[in-house]
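For reference, the chains in residue letters:
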Amino acid sequence: MINAHFFTFSFTDFAYSFLSILFEGIPFLLLGSLLSGIVDAFIPAKVMTRFLPKNSGIAILMSGLLGAIFPMCECGSVMVVRRLIKKGLPISCATTYMLAAPIVNPVVALSTFAAFRGQSPWVMMSLRLTLGFVISVTVGFVVRQISPENLLQKKILDSLPGRRRTAFRMGTPSLDPTNLIEETGAPHFRIRLLGAARSAASDFLDVAFLLVIGAALASLFNTAVDQTRILPLASSPMLSTMSLMVLAFFLALCSTSDAFIAASLVSFPFVAKLAFLVFGAMFDLKLYFLYGLIYKRRFVIGLLIGLFVGISLICLRLSVMNL
Amino acid sequence: MTNSFSRWLSCATLVAWSAILMHFYFSGRIASFLHPMFRPFVLISAGVMLLLAIGLALSFSSTDGGCDEEGCAHSFGQMTAGRIITFLILLLPICAASAVSTDGFGASTMMNRGVVTDASGLNSVSKSSVDFPMPSGDGTAPSAPAPAVASSPVVYAGTTENAANDYLPKSKSGAIIVQVPDLLYAAQDSSLRPDFQDKTIELIGQWMPDQVNNSKGSRFKLVRMLMVCCAADARPVAVLVEDGKKSKIPEMSWVSVTGRVTFPTEGGRMIAVVKADQVVVTDPPEETMLY
């Protein structure tokens, strides 16, 4: 055991926390990967654009609400969004959905309401969903102004419809489901299914690798750092808001359960908890790595700073209104 | 390392993860890691991973292709030199953690998380929702109206002493069996307090020394972990126990306490303190976490 002033590291505790985060996160990650594999194998790229409104502004607004009918936690949404972008979904819409879905969905609405019973649950739930929607849509509109070359990782960029080169050079019947659908028309169901399984497995291993790193870092903070040290910050609206956002970043909690943790931080003002809930669902330590699978690192850091500053300012403004 | 080897390594990784999940599920160890609601997902995930591994193996055998070529977005498929490191990171930490992890947190982590000793520190009850009854100047017991606590332990919400007596579970010796949060809620809820005040109760928890108001060293904290989803979000909740003598029980041991409940005011707030008649070391309960 390593013991310092505010840092006490116990490997067994670290391992316990690490495993619990993995056990909780893996099913959702797997669900996202399976959906991603199914989208990859069974949905042609043109379907994505056919159902979107032609007006890009309305499309972004709709994407912000998609989580209500297609709920997804933050780990799973990254996988789905990566696949949807490759299928031709506009990056602005995909980004809006990715940020909004972990907040604007019925499961999170219910868990937030349940967690804040006795602490103005309607207000907290409404503000969380509204802020989540508004901020996601705002980011979507910003992303619309940026060229894909400045946003996406080269591998994703190269796999976009119209840019795709020979992504999968295979011999006999290709298992790249995209090629299968778009080049051969209607491939055999078994081949599609194998393609979906392969795609899902690959996606899962890609993200699981990052989940392992994120879970390890979050567990280190979770078990080794004295969290009671941040309590004195609760007296200042600005410091409390920022400190809880930093805490949300390092704790890397799932958006379906974070409300219960926020509700228990009774020393902190209401708006600081709101910031914790909105920021933590959109950006945390594990998401920093996961977003890097899709977006260029520069954009990911820009998103981190933008969300941090934006949510801080909104919550501080709300604190002036005595919330 | 050949492409073929790396592909089979993917299958092996999925199978290994699946095996670890199944081991935790079927050995019952999963109970200390996850809320009951989430446990079936672990088994389902293990099965799906196994199916994916089979699907992956079949896809490899049906073609000589792979996503190793330029344009593939799968990072693990792209790496050559780093591929082995990727798989080591996927396998080693989870295997090592499975081998060394205990089924509970030690004292250092509990202290780092801050031990909650009153219901205002629990979720779903806020300071503003609970009217803290303070003693009058002459030291007589407070008489506050029942606060509007939205989430109180329903099972103990008896309105009269008789009703409460009928309702509360009891041990063979007649002591009321309670959990730590029940006493924390009762300390802040005047409608619940009579159910426990001066009654003999029995509760179980882990022994931790109390550092505050404990000059004689006869007081300790009886701690339980309260979980929402998984152990990573669990918070330690504790009730104070007055043992009457200095205890030699090792820290974090599971103990069963039988004693009388009191609600003194300390530090400006009403707290629950159990005056212990008996403190005995016991086995951990089947469910070490509270939900």
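This one's a predicted model, so the numbers in the text were calculated from it and none came from an experiment.

### Points about the overall build of chain B
For step 1, the next point in the chain: Each helix and strand counted, chain B has eight helices and nine strands in total.
For step 2, the next point in the chain: Residues counted as buried form 42% of the 291 residues belonging to chain B.
For step 3, the next point in the chain: Taking the contacts inside chain B whose residues are at least 6 apart along the sequence as the reference set, 67% of them involve residues at least 24 apart.

### A few points about the overall build of chain A
For step 1, the next point in the chain: Helix and strand counts for chain A stand at 16 helices and two strands.
For step 2, the next point in the chain: Going through the 323 residues of chain A one by one, you find that 57% of them count as buried.
For step 3, the next point in the chain: At a minimum sequence separation of 6, the contacts of chain A that also span at least 24 residues come to 81%.

### Regarding the pairing of strand E4 (residues 235-242) of chain B
Residue and element names in this part refer to chain B.
For step 1, the next point in the chain: By the criterion of burial, E4 is predominantly enclosed, with seven of the eight residues buried.
For step 2, the next point in the chain: Sheet topology places strand E3 (residues 219-226) next to E4; eight bridges connect them, and they run antiparallel. Of the residues in E4, the one forming a bridge with arginine 224 is valine 237.
For step 3, the next point in the chain: With three bridges connecting them, E4 and strand E8 (residues 273-281) associate as parallel partners. Pairing of valine 241 across the sheet is with valine 274, part of E8.

### Some details on the confidence of the model for chain A
All names here are of chain A.
For step 1, the next point in the chain: Per-residue pLDDT for chain A has a mean of 82; in total, 87% of the residues score no lower than 70.
For step 2, the next point in the chain: At the level of individual helices and strands, chain A shows its lowest average pLDDT in helix H10 (residues 177-184), which scores 49, and its highest in helix H7 (residues 121-144), which scores 95.
For step 3, the next point in the chain: Note that pLDDT drops below 50 for residues 165-180; the model gives that stretch 48 contacts with residues more than four away or on any other chain.

### Points about the domain arrangement of chain B
All names here are of chain B.
For step 1, the next point in the chain: When the domains of chain B are assigned, the result is domain 1 (3-100) and domain 2 (107-290).
For step 2, the next point in the chain: Taken together, the contact between domain 1 and domain 2 spans six residues of the former and eight residues of the latter.
For step 3, the next point in the chain: For the side of domain 1 that touches domain 2, a count of residues per class yields four nonpolar, two polar and no charged.

### Some thoughts on the packing of helix H1 (residues 11-42) of chain A against helix H11 (residues 189-224) of chain A
Residue and element names in this part refer to chain A.
For step 1, the next point in the chain: Following both chains from N to C, one finds H1 and H11 inclined at 155 degrees, their axes separated by 7 Å at the closest point. Looking at the two axes, H1 sits roughly antiparallel to H11. Viewed along their axes, H1 and H11 form a crossing whose handedness is right-handed.
For step 2, the next point in the chain: Looking at side-chain class alone, the contact of H1 with H11 contains 22 nonpolar, 10 polar and four charged residues.

### Considerations on the nonpolar core
In a soluble, globular protein the nonpolar side chains are often hidden away together inside.
For step 1, the next point in the chain: Grouped together as the largest cluster of nonpolar side chains are 184 residues, with contacts concentrated most on Ala275 and Val278 of chain A.
For step 2, the next point in the chain: Residue-level mapping places this core at the junction of two domains, with at least three residues from each of domain 1 (3-100) and domain 2 (107-290) of chain B.
For step 3, the next point in the chain: With residues near it in sequence (within four places) discarded, alanine 275 of chain A still touches Thr241, Leu244, Met245, Ile311, Ser312 and Cys315 of chain A.

### Brief notes about the environment of phenylalanine 14 of chain A
All names here are of chain A.
For step 1, the next point in the chain: Residue position: phenylalanine 14 is located in helix H1.
For step 2, the next point in the chain: Residue phenylalanine 14 is classed as buried on the basis of its C-beta count, with 20 C-beta atoms lying within 10 Å.
For step 3, the next point in the chain: Along the chain, phenylalanine 14 and valine 139 lie 125 residues apart, while their C-alpha atoms are 35 Å from each other.
For step 4, the next point in the chain: Once residues lying within four places of it in the same chain are set aside, the contact partners of phenylalanine 14 are Phe9, Ser219, Leu220, Thr223 and Ala224.

### Considering H1 of chain A
Along an α-helix, residues three or four positions apart point the same way, because every turn accommodates 3.6 residues.
For step 1, the next point in the chain: Here H1 of chain A contains 32 residues, and its C-alpha end-to-end distance of 45 Å stays within 8% of the 46 Å for a straight helix at 1.5 Å per residue.
For step 2, the next point in the chain: The largest bend in H1 of chain A comes to about 35 degrees, at glycine 25 of chain A, with the proline proline 27 of chain A one to four residues further on.

Criteria and thresholds
- Residues numbered from 1 in each chain as written.
- Chains lettered and ligands numbered in written order.
- Predicted model: local features only at pLDDT ≥ 70, side-chain atom pairs only at ≥ 80, totals over all residues.
- Helix = DSSP H or I, 4+ residues; strand = E, 2+ residues; numbered from the N terminus.
- Buried ≥ 20, exposed ≤ 12 C-beta atoms within 10 Å, placed from the backbone.
- Contact = placed C-beta atoms within 7 Å.
- Pairing = 2+ DSSP bridges.
- pLDDT = per-residue confidence, 0-100.
- Domains from an automatic or database assignment.
- Nonpolar A, V, L, I, M, F, W, Y, C, P; charged D, E, K, R; others polar.
- Axes fitted to C-alpha atoms, helices over the stretch in contact; angles between N-to-C directions.
- Parallel < 35°, antiparallel > 145°, perpendicular 65-115°, else oblique.
- Left-handed = near helix turned anticlockwise from the far one by under 90°.
- Core = buried A, V, L, I, M, F, W, Y, C linked by C-beta atoms within 7 Å.
- Expected span 1.5 Å × (residues − 1).
- Bend = angle between axes of the 7 residues up to and from the residue.

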